[in-house]
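A closer look at the structure
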Amino acid sequence: MARAGITADLLVSAAAELADEVGFDQVTLSALARRFGVKDASLYAHVRSLKDLRHRLALLAGGEMIDRIAVAVAGLSGKDALAAYVGAYRAYALAHPGRYAATGIRIDPALVDADAPAMRRTVEITYGMLRGYGLAEPDLTDAVRLLRATFHGYCALEAGGGFNAPRDVRASWDRAIDALHIALEHWPREDPDHHV
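So, here is what we can say about the structure in this document. Since the model is a prediction, treat every value here as computed from it, not as a measurement.

Rules used in this analysis
Residues numbered from 1 in each chain as written. Predicted model: local features only at pLDDT ≥ 70, side-chain atom pairs only at ≥ 80, totals over all residues. Heavy atoms only, no water. Salt bridge = Lys/Arg side-chain N within 4 Å of Asp/Glu carboxyl O. Helix = DSSP H or I, 4+ residues; strand = E, 2+ residues; numbered from the N terminus. Buried < 20%, exposed > 50% of the residue type's maximum accessible area, 1.4 Å probe, protein only. Polar contact = N/O pair within 3.5 Å; in protein donor to acceptor, adjacent residues only side chain to side chain. Contact = heavy atoms within 4.5 Å.

A few words now on the pattern of salt bridges. Any two side chains of opposite charge can pair if their charged atoms end up close together. Scanning the entire structure with this criterion turns up 11 salt bridges. Between D20 and R99 there is a salt bridge whose closest N-O contact spans 2.8 Å. Taken as a pair, D20 in helix α1 (residues 8-22) and R99 in helix α5 (residues 97-102) lie far apart in primary sequence, 79 residues in all. By relative accessible area, D20 is classed as partly exposed at 22%. On the basis of relative accessibility, which here comes to 13%, the residue R99 falls in the buried class. In this structure, the salt-bridge partner of D52 is R56, at a minimum N-O distance of 3.1 Å. One end of the pair, D52, and the other, R56, are both in helix α3 (residues 50-73), four residues apart, so they sit about a helical turn from each other. You can call D52 buried: its relative accessible area is 1%.

As structure tokens, then:
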């Protein structure tokens, strides 16, 4: 029987703390059970599986990150919005490496409401920032993929100590923002009559 006071939200919060301490891949139901002083089986009263827990953690982390991004970009547009967006993104990724790693998993719609507020808010804020560059579909999706791949790659390399050149990592980050701004301003629009 689960110890009184344990809830799904409390488990997800503890999983987030554990992820930042030891890494997202090390978050297990057994590790959480030890943390709460209960048997593994008692946690199934609150989450269906490890996969369910990890998806909930991903949504929690995504919500935390987009809330910080939303505050940063409020009232801004163009390059200022882009710089604020990526600055908040990078700060979250570096401050919460385990939680950030959770945001990279594929969310299974069968386990989690695909219209979850955190996911909806992420789309609204990200696409809103990119619409400031005059982008529309399918270019919006392509631009989101470029930005996410760039941000994620940079943050993962930085967190792992992958930048060994003597140049300051922050200076390179600032130049990357400049380059992304130029790319977004001069985005190669897809010809609607062109079919692959």
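This paragraph deals with the side chain of H181. With respect to the element layout, H181 can be found in helix α8 (residues 169-185). Judged by its relative accessible area of 13%, H181 falls in the buried class. For H181, the side chain forms a polar contact with the side chain of Y133, separated by 2.8 Å. For H181, the contacting residues outside a window of four places in its chain are K79, L82 and Y133.

Glancing now at the environment of R35. Inspection of the secondary structure puts R35 in helix α2 (residues 29-36). For R35, a relative accessible area of 37% gives the class partly exposed. With sequence-adjacent residues up to four places away left out, R35 is seen in contact with A14, E17, L18 and E21.

Spatial relationships are all this shows, so hold off on functional conclusions.
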